[in-house]
Amino acid sequence: MTLVSARELLSAAATASTGIGAFNVIHLETAEGLVRASALAQLPVILQISQNCADYHGGLEPIALATLAAARRAETPVAVHLDHAERPELVEEAVALGFGSVMFDGGALPYDENVAVTAEVAARARAAGVYVEGELGEVGGKDGAHAPGVRTDPDEARAFVAATGVDALAVAVGSSHAMTDRTASLDLDLIARLRASLRGAASDGTDVPLVLHGSSGAADAVIADAVRAGMTKVNVSTHLNGFFTRAVREVLAADERLVDSRKYLAPARAALADEAARMLRLFALLPSQNPAPVAEVPGRAATSTRNDDR
């Protein structure tokens, strides 16, 4: 297998009424670990590069080319997606670099401007054959779809899709970015109503898949129930970052003289891969091959909407 489009993966998952994992790349070791997770689970995966990640690396191209190369060498279907882009020019760069899907986030704009800019960005991306994800919390909302208490109205969701032409929609159903404990309560009834509202809502008459951001804050059983209720794309970053970071800490704590970064990055990459593989099976509603309790990151839930905090 090789690099594929998120369009293909989301369509297959939606048809099967299962979910697919979309995991954020932070650096090359993350991308390699996530590709390994896909191979371990024998399931497809979506690798996401956010605007924050691109800025951290001094631009999109370096981390994008590395991630695309890792995806092309994969044994299983792997898609590369631009996540939470607030700058239209970043979307254009991602399209030029070969991304199969992009997300434009106009949540900080007034609603009418959000619709206008999202529609323009989506039209250009789709003309290039690129799948487009949008986001809607509530009309007039300025803090994105995952600010505390925000919920997406099903009728507004369908109108937003019709006005913008997006192919998939991130919705507000109770999750929040940057949560380090898994206590979020998701509105399953709302997910089902949103799913019903977006049936046949795409410009070509197909269904518009739902996207759950902030999934790090939801427990396994809650996420599985959300998938059964109609959620398709499940975004995770913070939870997996915890596994990576804890592995680094353990190795360094065991040998304070260690200076070769490969000696602690390799175990961290492996720890991330194992947990990401487990989550891919969870989202696909398959029995886990690793039933051990999932470690948590101590701390209180956060409500930041920074791009890498999911």
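Small disclaimer: the values here were computed from a predicted structure and weren't measured.

Caption draft 1: Representation of the overall build of the chain. Broken down by element type, the chain carries 11 helices and nine strands. Looking at the chain residue by residue over its 310 residues, the buried ones come to 55%. Of the accessible surface of the chain, which amounts to about 12,500 Å², a share of 52% is contributed by carbon and sulfur atoms.

Caption draft 2: Looking closely at helix H2 (residues 28–41). Counted at 1.5 Å a residue, the expected span for H2 with its 14 residues is 20 Å, and the 20 Å between its end C-alpha atoms agrees. Buried within H2 we find Thr30, Ala31, Gly33, Leu34, Val35, Ala37, Ser38, Ala39 and Ala41. Contact partners of the buried residues in H2: strand S2 (20–24), strand S3 (45–50), helix H4 (60–72), strand S4 (78–85), helix H10 (238–254) and helix H11 (262–283). Among the residues trailing H2, Gln42 stands out with phi positive, at a value near 55°.

Caption draft 3: Up close: H10. With 17 residues, H10 extends 24 Å from end C-alpha to end C-alpha; this agrees with the ideal 24 Å at 1.5 Å per step. Among the residues making up H10, those that are buried are Thr238, His239, Leu240, Gly242, Phe243, Phe244, Arg246, Ala247 and Val248. Buried-residue contacts for H10 involve S2, H2, strand S9 (231–236) and H11.

Caption draft 4: Layout of the packing of aromatic side chains. As enumerated under the stated definition, the model contains two aromatic pairs in all. Relative to Phe160, the ring of Tyr111 has its centre 6.4 Å away and its plane inclined at 45°; by these criteria the two rings are tilted. With Tyr111 in helix H6 (residues 111–127) and Phe160 in helix H7 (residues 154–164), the pair connects residues that are 49 residues apart, well separated along the chain. For Arg246, the ring lying beneath its charged end belongs to Phe243, and the centroid distance is 4.8 Å.

Caption draft 5: The arrangement of unusual backbone geometry in detail. For Ser17, which is not glycine, the phi dihedral falls at a positive 60°. Within the element layout of this structure, Ser17 appears in the loop between helix H1 (6–16) and S2. The backbone phi angle of Gln42 is positive, close to 55°, even though this residue is not glycine.

Caption draft 6: View of the pattern of salt bridges. Taken as a whole and judged by the stated rule, the model has 13 salt bridges. Residue Arg126 pairs with Asp167 through a salt bridge whose shortest N-O separation is 3.3 Å. With a gap of 41 residues between them, Arg126 in helix H6 and Asp167 in the loop between H7 and strand S7 (168–171) connect regions that are remote in the sequence. For Asp167, a relative accessible area of 6% translates into the label buried. Across the pair Glu275 and Arg278 runs a salt bridge whose closest N-O atoms are separated by 2.9 Å. Placement of the pair is Glu275 and Arg278 together in helix H11, with a separation of three residues, close to one helical turn. Given a relative accessible area of 4%, Glu275 falls into the buried group. For Arg278, a relative accessible area of 4% corresponds to the buried category. Members of the salt-bridge network, linked through shared partners, are Glu92, Glu120 and Arg124.

Caption draft 7: Looking closely at the nonpolar core. Core analysis: the largest hydrophobic core is formed by 79 residues, its most contacted members being Phe23, Ile49, Leu60, Leu82, Phe99, Leu169 and Val173. At nine residues, H11 tops the list of elements feeding residues into this core. Beyond its immediate stretch of four places on either side in the chain, Leu60 contacts Ile49, Ala54, Leu82, Leu90, Glu93, Ala94, Leu97 and Phe99. Counting residues in hydrophobic clusters, the runner-up holds 14 residues, among them Val4, Ala6, Ala13 and Ala170.

Caption draft 8: Spotlight on the packing of H2 against H11. The geometry of H2 relative to H11 is characterised by a closest axis approach of 7 Å and an angle of 45° between their N-to-C directions. With respect to their mutual orientation, H2 and H11 come out oblique. Classified by chirality, the crossing of H11 by H2 is right-handed. In contact with Glu29, Thr30, Glu32, Gly33, Leu34, Arg36, Ala37, Ser38, Leu40 and Ala41 of H2, H11 contributes Leu265, Arg269, Leu272, Ala273, Asp274, Ala276, Ala277, Leu280 and Arg281. Partitioning the contact of H2 with H11 into residue classes produces 10 nonpolar, three polar and six charged.

Quick notes on the rules
Residues numbered from 1 in each chain as written. Predicted model: local features only at pLDDT ≥ 70, side-chain atom pairs only at ≥ 80, totals over all residues. Heavy atoms only, no water. Helix = DSSP H or I, 4+ residues; strand = E, 2+ residues; numbered from the N terminus. Buried < 20%, exposed > 50% of the residue type's maximum accessible area, 1.4 Å probe, protein only. Areas by Shrake-Rupley, 256 points an atom, 1.4 Å probe, with all protein chains shown as cover. Expected span 1.5 Å × (residues − 1). Contact = heavy atoms within 4.5 Å. Phe/Tyr/Trp six-rings, centres within 6.5 Å; stacked < 30°, edge-to-face > 60°. Lys NZ or Arg CZ within 6 Å of the ring centre and 35° of its normal. Salt bridge = Lys/Arg side-chain N within 4 Å of Asp/Glu carboxyl O. Core = buried A, V, L, I, M, F, W, Y, C linked by side-chain atoms within 4.5 Å. Axes fitted to C-alpha atoms, helices over the stretch in contact; angles between N-to-C directions. Parallel < 35°, antiparallel > 145°, perpendicular 65-115°, else oblique. Left-handed = near helix turned anticlockwise from the far one by under 90°. Nonpolar A, V, L, I, M, F, W, Y, C, P; charged D, E, K, R; others polar.

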